[in-house]
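# Notes for the structure review
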Amino acid sequence: MAVLAFLSLTAFALLSVWARFDSPAPWEPAVMDAVALSGGPLDPIVVGINLLGNLLIWIPLVAVVAIATGRVRGAAVGLVVALTLASDTVAFGVKLLVERERPEGAAVNQFFGFDSFAFPSGHVVRAVALVGVLWFIFAPPRWRLPIAIGASVITGAVMGYARVALGVHWPTDALGGFLLGFGWLAMSALLLLRERTPDRAG
């Protein structure tokens, strides 16, 4: 897990530097146009995923999940779940350093006003961190790592697609969010492996 954390966070740091000085990539507007909401049947699902990731919904959701996990697996494990919210604080700090503008458009003006910093996507960061940690906790010990990795990849792809389709993030914002969220998962897993949970005894 230490190697995964190092690789993920190193890639995130390099992408952050690129996003600060040389972005977006020429191909990103075309990708955004290709996946943009178009009035199709999937649009309400995409909007719902975006709403789920909003902090006003996400914070109480994580609180409930952390308390429930703590009751089942112990307070320390529940605290690790709750700390996935801190990944968003890290993401916000990086946004202030990178100062990457969001894509122009009515959605950006409506939802963010003058707060247009984009990199990384906080929605993706916290979703990947939470889902990955939960699967690492509750998956069978033998399969916890591959399942947690797979779940984090799927979560990052779904939330990242939703953010790009809504027009509020560049694709590389979503990639950066995944890398930071995955790095958070890896570091959380290191903490969890030090805890003597019922799974570990098996």
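Residues numbered from 1 in each chain as written. Predicted model: local features only at pLDDT ≥ 70, side-chain atom pairs only at ≥ 80, totals over all residues. Heavy atoms only, no water.

## Considerations on the overall build of the protein chain
When helices and strands are tallied, the protein chain shows 11 helices and 0 strands. Listing each helix as α and each strand as β along the protein chain from the N terminus yields α-α-α-α-α-α-α-α-α-α-α. Relative to its length of 202 residues, the protein chain is compact, with a C-alpha radius of gyration of 17 Å against a globular reference of 17 Å. Taking the principal axes of its C-alpha atoms as reference, the protein chain extends roughly 50 × 35 × 25 Å. Here the protein chain, with 202 residues, has 45% of them falling under the buried criterion. In the protein chain, of all internal contacts separated by at least 6 residues, the share reaching a separation of at least 24 is 78%. (Helix = DSSP H or I, 4+ residues; strand = E, 2+ residues; numbered from the N terminus. Rg over C-alpha atoms; globule rule 2.2 N^0.38 Å. Buried < 20%, exposed > 50% of the residue type's maximum accessible area, 1.4 Å probe, protein only. Contact = heavy atoms within 4.5 Å.)

## Looking at the packing of helix α3 (residues 43-52) against helix α9 (residues 144-166)
Orientation of α3 relative to α9, taken along the N-to-C sense of each, is 110°, at an axis distance of 9 Å. As judged from the angle between their axes, α3 and α9 are roughly perpendicular. Here α3 contributes V46, I49 and N50 to the contact with α9, which in turn contributes V158, M159, Y161, A162, R163, A165 and L166. When grouped by side-chain class, the residues that make up the contact of α3 with α9 number 8 nonpolar, 1 polar and 1 charged. (Axes fitted to C-alpha atoms, helices over the stretch in contact; angles between N-to-C directions. Parallel < 35°, antiparallel > 145°, perpendicular 65-115°, else oblique. Nonpolar A, V, L, I, M, F, W, Y, C, P; charged D, E, K, R; others polar.)

## What about the packing of aromatic side chains?
A full pass over the atoms with the stated rule returns 2 aromatic pairs. Look at F12 and F119: their rings are 5.7 Å apart centre to centre, the planes differ by 10°, and that puts the pair in the stacked class. Here F12 is found in helix α1 (residues 2-21), whereas its partner F119 is found in the loop between α7 (106-112) and α8 (122-138), with 107 residues between them in sequence. In this pair, the class of F12 matches that of F119, namely buried. The residue whose ring lies beneath R20 is F21, and the NZ or CZ to ring-centre distance is 5.3 Å. Across the ring face of F136, the terminal group of R144 is positioned such that the distance to the ring centre comes to 5.0 Å. (Phe/Tyr/Trp six-rings, centres within 6.5 Å; stacked < 30°, edge-to-face > 60°. Lys NZ or Arg CZ within 6 Å of the ring centre and 35° of its normal.)

## As for the confidence of the model for the protein chain
In the predicted model, the protein chain carries a mean pLDDT of 90, and 91% of its residues have values of at least 70. Counting contacts from residues 197-202, a segment whose pLDDT is below 50, to residues more than four positions away or on other chains yields 12 contacts. (pLDDT = per-residue confidence, 0-100.)

## A short note on the environment of A66
By secondary structure assignment, the location of A66 is in helix α4 (residues 55-73). Sequence-distant contacts of A66, that is, excluding residues within four places in its chain, are made with G78, V81 and A82.

## Comments concerning the pattern of salt bridges
Applying the stated criterion across every chain, the model contains 4 salt bridges. For R20, the salt bridge identified is with E99, shortest N-O distance 3.9 Å. Taken together, the residues span a long stretch of sequence, with R20 in helix α1 and E99 in the loop between α6 (86-98) and α7 at a distance of 79 residues. Under the relative-accessibility criterion, R20 is labelled partly exposed at 36%. Its salt-bridge partner being R100, residue D173 comes within 2.6 Å of it at the nearest N-O pair. Placement of the pair is D173 in helix α10 (residues 171-194) and R100 in the loop between α6 and α7, with a sequence separation of 73 residues. Residue classification places R100 among the buried positions, given a relative accessible area of 4%. (Salt bridge = Lys/Arg side-chain N within 4 Å of Asp/Glu carboxyl O.)

## As for the nonpolar core
Core analysis: the largest hydrophobic core is formed by 39 residues, its most contacted members being V81, F119, V133 and L192. Considering every element that reaches this core, the biggest residue donor is α8, with 9 residues. Here F119 is in contact with F12, L15, S16, A19, V94, K95, V98, R100, T172, D173 and G176, once residues within four sequence places are set aside. (Core = buried A, V, L, I, M, F, W, Y, C linked by side-chain atoms within 4.5 Å.)

## A look at the environment of G132
The topology assignment puts G132 in helix α8. Residue G132 is classed as buried on the basis of its relative accessible area, which comes to 0%. The sequence separation of G132 and V72 amounts to 60 residues, and the corresponding C-alpha distance is 18 Å. When neighbours within four sequence positions are excluded, G132 is seen to be in contact with A148, S152 and L185.

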